[in-house]
Amino acid sequence: MKAAVIVFPGSNCDRDLAVAFRKAGFSVDMVWHKDPTLPEGVDIVGIPGGFSFGDYLRCGAIAGQSPVMQAVAAHVNRGGYALGICNGFQVLCETGLLPGALMRNAGLKFICRMQTLRVETTNSVFTQSYAEGQQIEIPLAHHDGNYVIDAEGLAALKAQDRVAFRYVGNPNGATDDIAGVLSDNRRVLGMMPHPERVIDASHGGTDGWAMFTGLTQALVAA
């Protein structure tokens, strides 16, 4: 199994994501944002958290125009997996690979804390190792995590069972308490909380580990 983790100027969670993938059994390549291609044989692309390009213009807007994102889009469009966390979720929305947008938190303050999430669907490789309705504790660290989408888009997400996680106690004003969403083919997940930070009990929790073991199980079976 092979993962590629994209590195932008200002990324600061790329190593954390690489560590999580490696612990789950993946070989990992770190891919600089100016690279026009992904390594051969990549199964999943990780787009990490951080402050790509200093969050200028809009969070993820400049990163979304990086050369490597064309390769990521091609990977996704041919059925490859992708996981965008925090700033990575913002980048996926800016590129149109996921619907909606991430706006400034309703309270206009940076949030950094543990947050309860509810698993809304197990019908994806990212969530199959959880139970539907299960509540998990995942850390937040964002200033622009307020997920917004129009009424038509929200209706589509609900009808297609594409809301992966919801906040229990909305921290940022996100529409319909949405913390993470899936693409229409269910192979791309974007979420604001950081599962890669809770894969080891010595780091304060393990509720994120099931996401990475689920990916391993799905890809081994494939």
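The paragraphs below set out a description of the structure included in this document. Numbers given to residues run from 1 along each chain, matching the order in which its sequence is written. Selection of residues for local features in this predicted model requires a pLDDT of at least 70, selection of side-chain atom pairs for listing and counting requires 80 or more, and totals for whole chains, interfaces and linings are taken over all residues. Hydrogens are left out, water is left out, and the side-chain values use all remaining heavy atoms of the structure.

Here we look at the overall build of the protein chain
Counted only if it meets this: What counts as a helix is a DSSP run of H or I of at least four residues, what counts as a strand is a run of E of at least two, and both are numbered from the N terminus. For a compact globule the rule gives 2.2 Å times the number of residues to the power 0.38, and the radius of gyration it is set against comes from C-alpha atoms. Working definition: with a 1.4 Å probe on protein chains only, accessible area under 20% of the residue-type maximum means buried, over 50% means exposed, and in between means partly exposed. Residue-level accessible areas treat just the shown protein chains as cover; the underlying method is Shrake-Rupley with a 1.4 Å probe.
Within the protein chain, the regular secondary structure consists of five helices and 11 strands. The C-alpha atoms of the protein chain give 16 Å as radius of gyration, which agrees with the globular expectation for 222 residues (17 Å, within 12%). Each of the three principal axes of the protein chain carries a C-alpha extent, and together these read 40 × 40 × 35 Å. Looking at the protein chain as a whole, 55% of its 222 residues are labelled buried. Carbon together with sulfur atoms contributes 49% to the accessible area of the protein chain, which is approximately 9100 Å² in total.

Considering the packing of helix H1 (residues 14-23) against helix H5 (residues 209-221)
Heads up, the rule is: Between N-to-C directions, angles span 0 to 180 degrees; the directions come from axes that are lines fitted to C-alpha atoms, helices contributing only their stretch in contact. Convention used here: angles under 35 degrees read as roughly parallel, angles over 145 as roughly antiparallel, angles from 65 to 115 as roughly perpendicular, and any remaining angle as oblique. Here a crossing is called left-handed whenever its near helix is offset anticlockwise from the far helix by less than a right angle, and right-handed whenever the offset is clockwise. Contacts are assigned to residue pairs with any non-hydrogen atoms lying within 4.5 Å of each other. Just so you know the grouping, Ala, Val, Leu, Ile, Met, Phe, Trp, Tyr, Cys and Pro go in nonpolar, Asp, Glu, Lys and Arg go in charged, and all remaining residues, Gly too, go in polar.
Direction vectors running N to C along H1 and H5 enclose 55°, while the axes themselves pass 9 Å from each other. When the axis of H1 is compared with that of H5, the two are oblique. For the pair H1 and H5, the crossing hand works out as right-handed. Between H1 and H5, the residues in contact are Leu17, Ala20, Phe21 and Lys23 and Trp209, Phe212 and Leu215, respectively. Its residues assigned to classes, the contact of H1 with H5 shows six nonpolar, no polar and one charged.

Considerations on the sheet that holds strand E10 (residues 178-182)
The condition is simple: Two strands are said to pair when DSSP picks up at least two bridges between them.
Reading across the sheet, the nine strands line up as E2-E1-E3-E4-E11-E10-E9-E6-E7 and stay open at both edges, with mixed pairing between neighbours. Each end of this open sheet is capped by a strand with a single partner; those strands are strand E2 (27-32) and strand E7 (135-142). On average, adjacent strands in this sheet sit at an angle of 20° to one another, irrespective of strand direction. The pairing of E10 with strand E11 (residues 188-191) spans three bridges and is antiparallel. In the sheet register, Val181 faces E11, and the bridge partner there is Gly190. Of the strands in this sheet, strand E1 (2-7), E2, strand E3 (44-47) and strand E4 (81-85) touch H1, which is tilted by about 175° from E1. Here helix H2 (residues 67-77) sits on the sheet in contact with E1, E2, E3, E4 and E11, set at roughly 135° to E3.

Remarks on the packing of aromatic side chains
Under the convention used in this document: Two rings belonging to Phe, Tyr or Trp (six-membered ring only in the last case) form a pair when the distance between their centres is within 6.5 Å. Interplanar angles under 30 degrees mark stacking, angles over 60 mark edge-to-face geometry, and anything in between is tilted.
Per the counting criterion, the structure on display carries five aromatic pairs. Ring geometry for Phe89 and Tyr147: centres 5.7 Å apart, planes at 20°, overall stacked. Of the two residues, Phe89 sits in helix H3 (residues 87-94) while Tyr147 sits in strand E8 (residues 146-148), which places them 58 residues apart along the sequence. Per residue, the accessibility class of Phe89 equals that of Tyr147, and both read buried. Where Tyr130 meets Phe165, the ring centres are 6.3 Å apart and the plane angle is 85°; that geometry is what we call edge-to-face. Taken as a pair, Tyr130 in the loop between strand E6 (111-119) and E7 and Phe165 in strand E9 (residues 163-167) lie far apart in primary sequence, 35 residues in all. In this pair, the class of Tyr130 matches that of Phe165, namely buried. One aromatic cluster is present, built from ring pairs that chain together Phe21, Phe26 and Phe212.

As for the pairing of E10
Remark: a regular strand shows side chains that alternate across the two faces of the sheet. A large share of E10 lies buried, amounting to five of its five residues. Here three bridges tie E9 to E10, and the two strands are oriented antiparallel to one another. Its bridge partner lying in E10, Phe165 is registered against Gly180. Between E10 and E11, which pair antiparallel in sequence order, lie five residues; one of them, Arg186, sits at a positive phi of approximately 70°.

Take it as geometry only, folks, not as evidence of what the structure does.
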